[in-house]
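This is what each chain is made of:
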2 protein chains.
Amino acid sequence: MFDRSGLPKSVTVYEVGPRDGLQNEAVILPTTVKAELVKRLLNSGISAIEVASFVRPDIVPALADADELLVELAPMLSTHRMSALVPNQKGLDRALKSGLQEIAVFASATESFARANLNNSVVGSLDIFGPVIRTARDAGIRVRGYISMCFSDPWEGKTATDKVADVAMRLLADGVTEISIGDTIGTATPGEVIDLLDAFDSRGISRSLLAVHFHDTYGQALSNTLTAMLEGITTIDSSIGGLGGCPFAKSATGNLATEDLVWQLHGLGISTGIDFDTLLLTSAWLGLQTGIKVRSKTAIALVGKNS
Amino acid sequence: MFDRSGLPKSVTVYEVGPRDGLQNEAVILPTTVKAELVKRLLNSGISAIEVASFVRPDIVPALADADELLVELAPMLSTHRMSALVPNQKGLDRALKSGLQEIAVFASATESFARANLNNSVVGSLDIFGPVIRTARDAGIRVRGYISMCFSDPWEGKTATDKVADVAMRLLADGVTEISIGDTIGTATPGEVIDLLDAFDSRGISRSLLAVHFHDTYGQALSNTLTAMLEGITTIDSSIGGLGGCPFAKSATGNLATEDLVWQLHGLGISTGIDFDTLLLTSAWLGLQTGIKVRSKTAIALVGKNS
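Per chain, residues are indexed from 1 in the order of the written sequence. Lettering for chains starts from A, numbering for ligands starts from 1, and both go in the order in which the items are written. Confidence filtering applies because this is a predicted model: local features only for residues at pLDDT of at least 70, side-chain atom pairs given and counted only at 80 or more, and all residues used for totals across whole chains, interfaces and linings.

(A) Expanded view of the overall build of chain A. If you tally the helices and strands in chain A, you get 12 helices and 10 strands. Based on C-alpha atoms, the radius of gyration is set beside the globule rule, defined as 2.2 Å times the residue count to the power 0.38. Against the globule reference of 19 Å for 307 residues, chain A gives a C-alpha radius of gyration of 18 Å, in line with a compact fold. Dimensions along the principal axes, computed over C-alpha positions, put chain A at roughly 50 × 45 × 35 Å. Here a residue counts as buried when 20 or more other C-beta atoms sit within 10 Å of its C-beta, as exposed when there are 12 or fewer, and as partly exposed otherwise, the C-beta atoms being derived from the backbone. Within chain A, buried positions represent 55% of all 307 residues. Each residue gets a C-beta atom placed from its backbone, and two residues are in contact if those atoms lie within 7 Å. Within chain A, contacts between residues at least 6 apart in sequence are counted, and of these 74% link residues at least 24 apart. Numbering of helices and strands runs from the N terminus; a helix is a DSSP stretch of H or I covering at least four residues, while a strand is a stretch of E covering at least two.

(B) Representation of the relation of the copies chain B and chain A. The atoms used to superpose the copies are C-alpha atoms, taken from residues with pLDDT of at least 70 in both, and the fit is least squares. Under the fitted operation, chain B is carried onto chain A by 0.0 Å of movement along the axis and a turn of 180°, and the coordinates agree to an RMSD of 0.0 Å. Overall, the copies show the geometry of a two-fold rotation axis. Relative to the rotation axis, the closest C-alpha in chain B is found at B:Ser223, a distance of 2.2 Å.

(C) View of the pairing of strand S8 (residues 178–183) of chain A. Residues and elements named next belong to chain A. When you tally the buried positions in S8, you get 6 out of 6 residues, the bulk of the element. Here S8 shows a buried face lined by Glu 178, Ser 180 and Gly 182 and a second buried face lined by Ile 179, Ile 181 and Asp 183. Pairing between strands is defined by DSSP: at least two bridges between them are needed. With 4 bridges joining them, strand S5 (residues 142–148) and S8 adopt parallel strand pairing. Along S8, the bridge assignment pairs Arg 144 with Glu 178. Relative to strand S9 (residues 210–214), S8 runs parallel, the two being bridged by 5 bridges. By the bridge assignment, Asp 183 is partnered in S9 with Phe 214. With respect to chirality, the unit in which S8 leads through helix H8 (residues 190–202) into the neighbouring parallel S9 is right-handed. Seen with the strands pointing away from the viewer, any crossover whose path from the first strand over the helix to the second strand runs clockwise is right-handed.

(D) Inspection of the packing of helix H10 (residues 258–267) of chain A against helix H11 (residues 276–290) of chain A at higher detail. Residue and element names in this part refer to chain A. At a minimum axis distance of 10 Å, the contact between H10 and H11 shows a crossing angle of 170°. Relative to H11, the element H10 is oriented roughly antiparallel. The chirality of how H10 crosses H11 is left-handed. Contacts between H10 and H11 involve Thr 258, Glu 259, Val 262 and His 266 on the former and, on the latter, Phe 276, Leu 279, Leu 280 and Ser 283. For this classification, Asp, Glu, Lys and Arg are treated as charged, while Ala, Val, Leu, Ile, Met, Phe, Trp, Tyr, Cys and Pro are nonpolar and the rest, including Gly, are polar. Along the lines of polarity and charge, the residues of the contact of H10 with H11 split into 4 nonpolar, 3 polar and 1 charged. Helix axes are fitted only over the stretch in contact, all axes being lines through C-alpha atoms; the angle between N-to-C directions runs from 0 to 180 degrees. Orientation labels follow simple angle bins: below 35 degrees gives roughly parallel, above 145 gives roughly antiparallel, 65 to 115 gives roughly perpendicular, and whatever is left gives oblique. Definitions for this section: a left-handed crossing has its near helix turned counterclockwise from the far helix by less than a right angle. A right-handed crossing has that turn clockwise.

(E) Examining H11(A) more closely. Residue and element names in this part refer to chain A. The terminal C-alpha atoms of H11, which comprises 15 residues, lie 21 Å apart, in line with the 21 Å expected from a rise of 1.5 Å per residue. For H11, the elements touching its buried residues are helix H2 (31–43), H10 and helix H12 (297–303). Just downstream of H11 lies Gly 291, where phi reads positive at about 75°. Each residue after the first adds 1.5 Å to the expected span of a helix.

(F) Molecular detail of unusual backbone geometry. At A:Asn119, a position not held by glycine, the phi torsion is positive, near 55°. Judged by local crowding, A:Asn119 falls into the exposed class, with 9 C-beta atoms found within 10 Å.

(G) Seen up close, the packing of H8(A) against helix H9 (residues 221–230) of chain A. All names here are of chain A. The N-to-C vectors of H8 and H9 enclose an angle of 40°; their axes lie 9 Å apart at closest approach. In this structure, the crossing between H8 and H9 has a hand that is right-handed. Each of Pro 190, Val 193 and Ile 194 in H8 lies in contact with H9, whose residues at this interface are Ser 223, Asn 224, Thr 227 and Ala 228. Residues belonging to the contact of H8 with H9 are distributed by class as follows: 4 nonpolar, 3 polar and no charged.

(H) Representation of the environment of B:Trp285 within the structure. All names here are of chain B. By secondary structure assignment, the location of Trp 285 is in helix H11 (residues 276–290). Residue class for Trp 285 comes out partly exposed when judged on the 15 C-beta atoms lying within 10 Å of it. Separated by 245 residues in the primary sequence, Trp 285 and Arg 40 have C-alpha atoms spaced 9.4 Å apart.

(I) Region of the structure containing the interface of chain B and chain A. Every contact between the two is made by 40 residues of chain B and, on the other side, 40 residues of chain A. Elements with a minimum of two residues in the side of chain B that touches chain A: helix H8 (190–202), helix H9 (221–230), helix H10 (258–267) and helix H12 (297–303) of chain B. Looking at the side of chain B that touches chain A, the element that brings in the most residues is H9(B), giving 5 residues. Here the residues of the side of chain B that touches chain A are counted per class, giving 15 nonpolar, 16 polar and 9 charged.

(J) Summary view of the environment of A:Val143. All names here are of chain A. Mapped onto the secondary structure, Val 143 falls in strand S5. Val 143 sits in the buried class, given 24 other C-beta atoms within 10 Å. Taking C-alpha positions, Val 143 is 32 Å from Lys 297, a pair spaced 154 residues apart along the chain.

(K) Quick look at the confidence of the model for chain A. The quantity known as pLDDT measures the predictor's confidence residue by residue, on a range of 0 to 100. Of the residues in chain A, 97% have a pLDDT of 70 or more, and the chain-wide mean is 95. We note a pTM of 0.95 for the whole complex and an ipTM of 0.93 for its interfaces.

(L) Representation of H9(A). Burial within H9(A) is extensive, with 10 of its 10 residues counted as buried. Burial in H9(A) covers these residues: A:Ala221, A:Leu222, A:Ser223, A:Asn224, A:Thr225, A:Leu226, A:Thr227, A:Ala228, A:Met229 and A:Leu230.

(M) Representation of the environment of B:Gly232 within the structure. In this fold, B:Gly232 is placed in the loop between H9 and strand S10 (235–238). B:Gly232 sits 36 residues away from B:Leu196 along the chain, and the two C-alpha atoms are 13 Å apart.

What follows is the structure, encoded as structure tokens:
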């Protein structure tokens, strides 16, 4: 039986398009277009957005303008939840200067991905994040901790739930205020979502601290999101227009599209604070301004053919 | 809470690609390729396939070769579950001649779609189907009854659940052996699926008589399928490679892709009798042979980039 009464009354849609999305697109957008995108997303009622990344500009050229973008967004930082990815102390210094009230760190559950993406071991990278998290918290800044490859990775296959829970415990001990559980290659199915949440339970981690970040590479993202909601998760990551490809699969499909998520949430009577029509207009605007293909099925169905 | 113990142990994947899929593609395949597709699907372990339609050839040219195709498939009709769409008595005569053990009729829950697709009223079309169903059953032939536009239609908006249940009751009274609940334009979200199943319950219709047929036009098909399974549905329609566009929306996305469905089912430990690798090879073969774009995200992720 599907226990509808177990669904949350409201959900926080955490928009990752401007950071996670644009980082994985071939197009580099001007700072003004990025700022306009964030403003339009906020105007549609999106209540949490990851807007930038303070990584080295030569590593992620698409997001090299983080400091300039934050200057443009500065007037809104005290009234809206915005965040940026911070890889190390140097990134944190830039984030603190920007006036952001929240940052994010990006950990890996598997050694192979830690090596490939962070050029470090799992524990070695957590050792770098630890002081960053502590310093941020001491400065009154919230910290989101991403854990990637939570279900499987391209080199090691299935990820043991204990490995993910170990990383989560370490991040929480260091002071993160939210954990985002990432299915980076999109292979997970609903049973695996429950298994991982059970492993978190066994460590006593409150579900109110958890967000889910599903990729739609295998078409499973919304089913997994629905499963997570039935299990009490109320923060869901998604990306406007499905922005962001998947660098670790042959598919062009990465992030769950915000439009498809919101269509389901509103269909279920779950409130998000989002005005769906304004969200659709933002998606259409983004496609026209940037030439980036809209990958939301809902947006394509309602706004126009896309192939 | 997601009650995993409520999921079925096994599911019948009802493959609609060769009929519903090819009917809505721009390409017309040679009879030999269609026969080969059906054989490859059976060889992958698919246990139920709709292979053809006995509509007038001038109305659906892509399926005009139904009689010839059935001659090629004749040796397998006694050992495998295959079906064909039958619009009227004349179609039934062709189906009976073919040796098929199952046929399907295609009803509408809404007056607007009945007019647009069947050139008749809802009741008027059911009056035509009635004798077809009875004659088929008298000949020992099973009959599947599709009901289209079960959740909404492009002209009338939301479909009242009672209208759908009325059509189902009439079809069951005439003798159909299975009802396939169709979300023809793909707008449904999980709560609406439960509402409709509740309406069927209130008429005393056993869930063992029901199948679900979700379109992925709004990206919701797998979530709705998962919901239906939690509610006891064990027959799920899908289409290899996501064959079949959606004639009633701006999107190119119609049927749920069989590969994405099976990925989820096997991930959940639900048995289907399908060998996933053989299914993927069939999907890849179909794309190469026909030039029809594979729309399964899972197939694209595992077999190759498609855009």
